[in-house]
Structure formats: structure tokens, C-alpha cells
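Residues per chain are reported as follows:
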Amino acid sequence: MDDLADLGIVPSETAIDLSLISVALTAADTRISRDAHAQDGWSRELGLDVPVSDPVLWRRVEPLLAKMLNFLTGDRWTLQFRARPSAYSKLSAPTSKLRLGSALEVCLFSGGLDSFIGAIDLCSVGKAPLLISHYWDGETSKSQTHCREALEGQYSTLGIRHVRARIGFGHDVLGTGSSENTLRGRSFLFFSLAVLAADALGGDQIVHVPENGLISLNVPLDPLRLGALSTRTTHPYYMARFNELLVALGLKVKLVNPYAFKTKGEMIRECRAQSFIAKEAANTMSCSSPAKARWQGEAPRHCGYCVPCLIRRASMLAGLGNDSTDYSIPDLKARDLDSSKAEGMHIRSFQRAIARLRKRPAKARLDIYLPGPLIDHPDRLADYEKVYRTGIAEVEALLCGVRARPL
């Protein structure tokens with residue numbers, strides 16, 4: 001809120017409510033263990049009681065909000081709303097500064113490769129982005145800072161702006177004695193912060209959500225991945241419900257993923273600044289847990305074998321023909337990888353998915369429905385199938401000759 005005020009823009013109370021709900025959800029999602037507090041080891045029953053500026057409005061949208069959160073995290077959410085205490089009835093403070101106006105393009109900026117490409121493509125056509133980030137760990141913050149500075153150096157005349165929020169919670173902030181690392185609800189926080197900024201700009205606004213189509217669909221590689229390992233953070237059904245919520249709240253903001261039908265490799269190959277992305281791609285962060293390198297006494301870096309790292313490696317080869325990223329396992333073909341351990345587990349899952357798709361190619365048109373409904377874009381089903389097939393083909397090229405010992 002202070003950073004937005006420094007830019008001379010002020011969000012509405014409803015947008016502030018949405019961000020406060022997202023922070024409460026993040027606390028519950030990251031501090032309440034599925035193992036300890038879910039009867040089936042996965043789906044938790046979670047309730048939020050949040051003070052808001054207009055309880056009547058929020059009670060009206062509660063069924064839709066609960067529906068989308070259930071889909072996003074795989075839990076059962078109940079939400080209650082009450083009026084804010086009188087001292088906090090108004091959190092939106094007027095400012096005497098000049099408003100930035102609606103010329104800025106709001107863009108999510110995670111420090112990852114997809115969001116970096118999204119920002120580059122906007123800058124390359126002369127659009128000044130307002131980059132929105134959140135972080136908790138140091139590696140994410142470091143990557144975001146480097147990527148922003150690289151953009152500022154490349155597009156110095158545009159007036160790029162960057163607003164960041166550090167949001168996280170101590171180990172036992174809720175008194176549960178536990179924590180949770182699946183983080184299925186993280187995009188609700190990310191989207192809400194972007195809406196907060198877009199609403200503050202005023203007028204009708206688009207929030208750019210740069211994410212490759214393979215990850216957005218996130219078709220499970222095997223039946224076990226329907227749970228914790230198959231996230232829905234930018235799934236088309238979830239994004240459509242989020243936009244539906246924004247309309248119901250009267251917020252003139254819409255989320256758009258311009259890369260919903262492109263693979264990560266295609267995003268790199270079609271980036272509007274080829275020499276720039278070739279130079280800076282290795283400095284972005286894609287790994288699901290870069291800090292785990294510390295377990296081996298190494299500095300945090302890409303592991304090279306988690307699902308995001310494998311898709312990244314495949315896309316760098318498909319889009320650039322080379323990959324200078326520093327991985328814990330620099331050469332996947334150097335030795336047999338143990339699929340009973342993290343180093344080979346996801347590789348083996350990809351290999352199984354590749355083999356199944358090769359044996360039964362027509363099954364792809366059914367597999368794309370496994371993560372969730374695709375009812376909002378019935379005319380693009382062939383495009384969803386294509387991005388899934390092409391994305392898997394990129395990974396197949398990466399894994400050719402890689403050996404992961406069976407369990």
C-alpha cells in the first residue's frame with residue numbers, strides 16, 4: 001500500500017479486501033499441515049473469518065470464492081466476513097501525487113523465465129509495465145531484482161515500475177506446530193496483489209499473467225500426480241473463475257494469459273528480443289526449491305530435476321539451442337539417476353507419460369481434462385491439446401538418452 005501511494009495511485013476498499021483475504025489464505029495454506037490436519041492426508045477443512053469493508057458484498061460472492069479456492073488448493077474452504085473495526089473502516093488514503101494513469105501495463109513478475117519474457121514482449125512494443133512481485137525467500141528476491149535491473153538497462157526510456165511485497169509467515173504463527181510446503185494457493189495471493197495495483201491505476205485494466213500453456217494445463221504425468229504434484233495456479237478454469245469474481249465485485253480488472261497456447265520453448269523462440277533473452281535467460285529462477293542445494297552444502301541454485309527445471313531445460317534447448325543455467329545436476333546423461341529419489345523421480349514420471357502418449361496419441365485429447373474443466377474456451381480445445389503434445393515433445397527431446405532406474 002505504501003509503495004502504491006509512493007507512485008501516486010490508490011486502490012479501492014474492495015481491492016484492499018481482496019488482498020487481505022489472500023494474505024489470510026496464504027497463512028492458512030502454508031502453516032496448516034495436510035499430513036497433520038487432513039483426514040485423508042490431503043484435503044483440509046479450512047475456515048477464514050475476515051474483516052472487510054463491505055460484508056454484504058463479500059457474503060454475496062462467498063459461494064463463488066469458496067468454489068474457486070476448493071479447485072485451486074484441493075481443500076474445503078468456508079469463509080465468513082465481518083465489518084472492519086471502525087479504526088480501519090477506510091484503508092485507502094488519498095494522495096496528492098500525480099496519478100500514473102492507465103498507460104502502464106500491469107504484469108506479474110515472479111523472477112521466472114515466463115514472466116521475464118512477458119515483460120520483455122511488453123517493453124519491446126513500447127508498453128511500460130508496472131511489474132508486480134511477491135517473495136519470501138532470498139533467491140526469489142535476488143532473481144526478481146536482477147531481472148528488473150536488466151529490463152531497466154535494456155529499456156531505459158520506458159519508465160518501468162516495480163512494486164514488491166514480502167509476504168510469509170513464521171513457523172508457528174497459527175499455533176498449529178506445523179507447516180505445509182505444497183503451496184497450492186500461491187497464485188491467489190499473486191493475482192490479488194496484481195488486482196490491487198491494477199485497480200489503483202483506475203479505468204479498465206488488464207493484468208498480464210505470463211505462463212506457458214503446458215504448465216497452465218499441468219496435465220498429471222501419472223495418476224499419483226493428481227494430488228500435491230499437479231498444481232492449478234494458472235489453470236484456465238481457475239483463471240476464468242477469478243475473472244468472474246472480479247466482475248461480481250465490481251472491479252474493472254481482467255486477468256489474461258497471452259501465452260496460454262504456447263510452450264515454454266515457443267515463448268523463448270518467439271520472444272521479441274532474441275539477443276536479450278539469450279543473454280539473460282540463465283539469470284531467471286524456475287526451480288521449485290532452489291534452497292535444497294544447501295542440503296548438499298552448496299549455494300542455492302536450480303536443482304535441474306524437478307518438474308519446472310525439466311520443462312525449463314527442455315525449453316532452453318528448444319528455444320535457444322543451449323542452456324547456460326547452473327544446475328545441481330549439470331548433465332542428466334552423465335550417470336543413471338535413481339527414480340526412488342528426487343533426482344530421478346520426476347524424470348521417470350515424464351518418461352512414463354511420454355511412453356503412454358507415444359503408444360496412444362489420441363489419448364491426449366482426453367488427458368487435457370484431467371486437471372480440471374475446459375468449459376470456458378470450447379473453441380480452443382484443439383489448441384489445448386496441441387500445446388500439451390508440443391510441450392511433452394520438448395521434454396522428450398531433452399530426456400533422450402537419460403536413464404532413470406525404475407523403482
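Throughout what follows, the structure given in this document is the object of discussion.

Criteria and cut-off values
- Residues numbered from 1 in each chain as written.
- Predicted model: local features only at pLDDT ≥ 70, side-chain atom pairs only at ≥ 80, totals over all residues.
- Heavy atoms only, no water.
- Helix = DSSP H or I, 4+ residues; strand = E, 2+ residues; numbered from the N terminus.
- Rg over C-alpha atoms; globule rule 2.2 N^0.38 Å.
- Buried < 20%, exposed > 50% of the residue type's maximum accessible area, 1.4 Å probe, protein only.
- Contact = heavy atoms within 4.5 Å.
- Areas by Shrake-Rupley, 256 points an atom, 1.4 Å probe, with all protein chains shown as cover.
- Lys, Arg positive; Asp, Glu negative; His and termini not counted.
- Charge placed at Lys NZ, Arg CZ, Asp CG, Glu CD.
- Axes fitted to C-alpha atoms, helices over the stretch in contact; angles between N-to-C directions.
- Parallel < 35°, antiparallel > 145°, perpendicular 65-115°, else oblique.
- Left-handed = near helix turned anticlockwise from the far one by under 90°.
- Nonpolar A, V, L, I, M, F, W, Y, C, P; charged D, E, K, R; others polar.
- Phe/Tyr/Trp six-rings, centres within 6.5 Å; stacked < 30°, edge-to-face > 60°.
- Lys NZ or Arg CZ within 6 Å of the ring centre and 35° of its normal.
- Core = buried A, V, L, I, M, F, W, Y, C linked by side-chain atoms within 4.5 Å.
- Salt bridge = Lys/Arg side-chain N within 4 Å of Asp/Glu carboxyl O.
- 1 Å grid on protein atoms, 1.4 Å probe; cavity = no way out; pocket = protein on both sides within 12 Å on 5 of 7 lines; lining within 4 Å.
- Points joined across faces, edges and corners; volume = space filled by probe spheres on them.
- Pairing = 2+ DSSP bridges.
- Right-handed = clockwise from strand over helix to strand, strands pointing away.

Considerations on the overall build of the protein
Regarding its fold elements, the protein presents 15 helices and nine strands. Taken against the 2.2 N^0.38 rule, which gives 22 Å for 407 residues, the C-alpha radius of gyration of the protein at 21 Å falls within 12% of a compact globule. Once the C-alpha set of the protein is aligned to its principal axes, its extents read approximately 65 × 55 × 50 Å. For the protein, with 407 residues in total, the buried portion stands at 55%. Taking all contacts inside the protein whose residues are at least 6 apart in sequence as the whole, residues at least 24 apart take part in 78%. In the form shown here, the protein has an accessible surface area of approximately 18,000 Å², with 52% of it arising from carbon and sulfur atoms. Counting 51 positive and 44 negative side-chain charges, the protein places the averaged centre of each group 4 Å from the other.

Quick notes on the packing of helix α12 (residues 307–319) against helix α13 (residues 342–359)
Remark: α12 packs on α13, axes separated minimally by 9 Å, with the N-to-C direction vectors making an angle of 60°. When the axes of α12 and α13 are compared, the pair comes out oblique. Where α12 crosses over α13, the handedness of that crossing is right-handed. Residues Val307, Leu310 and Ile311 of α12 lie in contact with α13, whose contacting residues are His346, Ile347 and Phe350. Its residues assigned to classes, the contact of α12 with α13 shows five nonpolar, one polar and no charged.

Things to note about the packing of aromatic side chains
Scanning all chains against the criterion turns up nine aromatic pairs. Judged by centre distance (5.7 Å) and plane angle (40°), the rings of Trp58 and Phe81 are tilted. Of this pair, Trp58 sits in helix α4 (residues 55–73) while Phe81 sits in strand β2 (residues 76–83); the two residues are 23 residues apart in sequence, bridging distant segments of the chain. Side by side, Trp58 and Phe81 carry an identical accessibility label, which is buried. What links up through ring pairs into an aromatic cluster is the set Phe188, Phe191, Tyr238 and Phe242. Note that Arg241 overlies the ring of Tyr237, its terminal NZ or CZ placed 4.7 Å from the centroid. Positioned above the aromatic ring of Tyr327, the side-chain terminus of Arg313 is 4.0 Å from the ring centre.

Examining the environment of Val106
Following the sequence through the fold, Val106 ends up in strand β3 (residues 105–108). Taking the C-alpha atoms as reference points, Val106 and Gln205, separated by 99 residues in sequence, lie 7.9 Å from one another. Once residues within four sequence positions are removed from consideration, Val106 is found in contact with Leu130, Ile132, Ala194, Ala198, Leu201, Ile206, Val207 and His208.

Focus: the nonpolar core
With 59 residues, the main nonpolar core has Leu18, Trp58, Leu65, Leu130, Phe188, Val207 and Phe242 as its most contacted residues. If you tally residues by element for this core, the top one is helix α7 (residues 186–201), at 12 residues. By size, the runner-up hydrophobic cluster in this structure holds 35 residues, among which are Cys287, Leu310, Ile347 and Tyr384.

Quick look at the pattern of salt bridges
Scanning the model with the defined rule gives 21 salt bridges in all. Between Arg241 and Glu244 there is a salt bridge, and its shortest N-O distance comes to 2.8 Å. Here Arg241 and its partner Glu244 are both found in helix α9 (residues 236–249), three residues apart, which amounts to about one turn of the helix. The class for Arg241 is buried, based on a relative accessible area of 9%.

Quick word on empty space enclosed by the protein
Counted by the stated rule, this structure contains one cavity of 30 Å³ or more. Of the voids in this model, the largest cavity is the one considered here, and its volume is about 100 Å³. Forming the boundary of the largest cavity are 11 residues, of which Leu214, Asn218, Val219, Leu221 and Phe350 lie nearest the centre. Elements that contribute at least two residues to the lining of the largest cavity include exactly α8 (213–217), α12 and α15 (381–399).

A short note on the sheet that holds strand β7 (residues 253–256)
The strand order across the open sheet formed by five strands is β5-β4-β3-β6-β7, and the pairing between neighbours is parallel. On the outer flanks of this sheet lie β5 (161–166) and β7, each paired with one strand and no other. Here the strands of the sheet are splayed against their neighbours by 25° on average, with no regard to which way each runs. Docked against the sheet, helix α5 (residues 113–124) engages β3, β4 (129–135) and β6 (205–208), running at close to 160° with respect to β3.

What to know about the pairing of β5
Of the pairings in the sheet, the one linking β4 to β5 comprises six bridges and is parallel in character. Following the sheet pairing, Leu130 is matched in β5 by Arg161. Handedness of the β-α-β unit built from β4, helix α6 (residues 138–154) and β5 comes out right-handed.

Comments concerning the environment of Arg184
Counting through the fold element by element, Arg184 comes out in the loop between β5 and α7. Separated by 154 residues in sequence, Arg184 and Thr30 have C-alpha atoms that sit 8.8 Å apart.

Some details on unusual backbone geometry
Glycine aside, the phi torsion of most residues is negative, and most peptide linkages are trans. A positive phi angle, near 55°, is found at Leu183, a position not held by glycine. Its location among the elements puts Leu183 in the loop between β5 and α7. We note that Asn218 has phi near 50°; this positive angle belongs to a residue other than glycine. With respect to the helices, strands and loops of the structure, Asn218 is situated in the loop between α8 and α9.

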